[in-house]
Amino acid sequence: MRKEPFIVGQYYHIYNRGVDKRVVFKDNVDLSRFFQSMEEFNGLDPIGSIFENRFKRRKEGNLNDRDSKLVDFVCYCLNPNHYHFILTPLVDQGIEKFMQRLGTGFTMFFNEKYNRTGALFQGRFKSVLIDSDEYLMYLNVYVNLNDRVHSLGGPTSK
């Protein structure tokens, strides 16, 4: 349980890494699935599995019907063994719900794909309140250039 609740309209730096600093994005399929998870799990109503939800939405003809989001992304960066987001919650407990769905959903995908069990990420995600415009601007640059901070390959940031 968090000491301080996330406040709708505030900005937060959210980050986590693989357990034991393990690589969590091994290939482009992993990255694509994480991107898809970022979109699919960012809704007020739980979707169940991504596969079932995509099939259901295709059958109903509403592939792009995502009016009600939990969070807005300011920016993000995915590195091989960790990620950074700057998020603002749009509803009460938006960040908590989104991150729980994202973490659980991607871990289930990863564990099935690589025939493993157990935690994928190092505990609960970390968060820092962004309490000034200057800090928001600084973190925006930090997150967008995070692959360079760690001397990694091509960017996977927005």
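Refer to the preceding data block for the structure.
Basis of the calculations
- Residues numbered from 1 in each chain as written.
- Predicted model: local features only at pLDDT ≥ 70, side-chain atom pairs only at ≥ 80, totals over all residues.
- Heavy atoms only, no water.
- Salt bridge = Lys/Arg side-chain N within 4 Å of Asp/Glu carboxyl O.
- Helix = DSSP H or I, 4+ residues; strand = E, 2+ residues; numbered from the N terminus.
- Buried < 20%, exposed > 50% of the residue type's maximum accessible area, 1.4 Å probe, protein only.
- Expected span 1.5 Å × (residues − 1).
- Arc of directions from axis to C-beta.
- Contact = heavy atoms within 4.5 Å.
- Core = buried A, V, L, I, M, F, W, Y, C linked by side-chain atoms within 4.5 Å.

Student: Just checking my understanding: could you explain the pattern of salt bridges for this structure?
Tutor: In a structure, side chains of opposite charge can pair up when their charged atoms sit close to one another. A full pass over the atoms with the stated rule returns 2 salt bridges. We note a salt bridge from Lys113 to Asp27, for which the minimum N-O separation is 3.0 Å. Linking Lys113 in helix H3 (residues 94-113) with Asp27 in the loop between strand S1 (11-17) and helix H1 (28-40), this pair joins segments that are 86 residues apart in sequence. For Asp27, a relative accessible area of 31% corresponds to the partly exposed category.

Student: Help me out: how do you make sense of helix H4 (residues 133-144) in this one?
Tutor: Given 3.6 residues per turn, any residue in an α-helix points the same way as the ones three and four places further on. The end-to-end C-alpha separation of H4 is 16 Å, in line with the 16 Å expected for 12 residues at 1.5 Å each. Those residues of H4 not exposed but buried are Leu136, Leu139 and Val143. Buried residues of H4, viewed axially, fall in a sector of 70 degrees; they line one side. Exposed residues lying more than 90 degrees from the buried face of H4 are Glu134, Met137 and Tyr138.

Student: Even after reading the chapter, I still don't get the side chain of His84, so can you show me in this structure?
Tutor: Along the chain, His84 falls in strand S3 (residues 82-89). Excluding residues that lie within four positions of it along the chain, His84 makes contacts with His13, Ile14, Tyr15, Cys75, Tyr76, Cys77, Asn79, Tyr142, Val143 and Asn146.

Student: So what exactly am I meant to see when it comes to the nonpolar core here?
Tutor: Counting residues in hydrophobic clusters, the biggest one holds 25 residues, and the most contacted among them are Ile14, Phe34, Phe85, Ile95, Phe98 and Met99. Looking at this core, the elements that each hand over two or more residues are S1, H1, strand S2 (71-79), S3 and H3. If you tally residues by element for this core, the top one is H3, at 7 residues. In contact with Phe85, other than residues within four places in its own chain, are Tyr12, His13, Ile14, Phe34, Met38, Phe73, Cys75, Tyr76, Leu78, Phe98, Met99 and Leu102. The next biggest cluster of nonpolar side chains, apart from the first, holds 7 residues, and it includes Ile86, Leu136, Leu139 and Val143.

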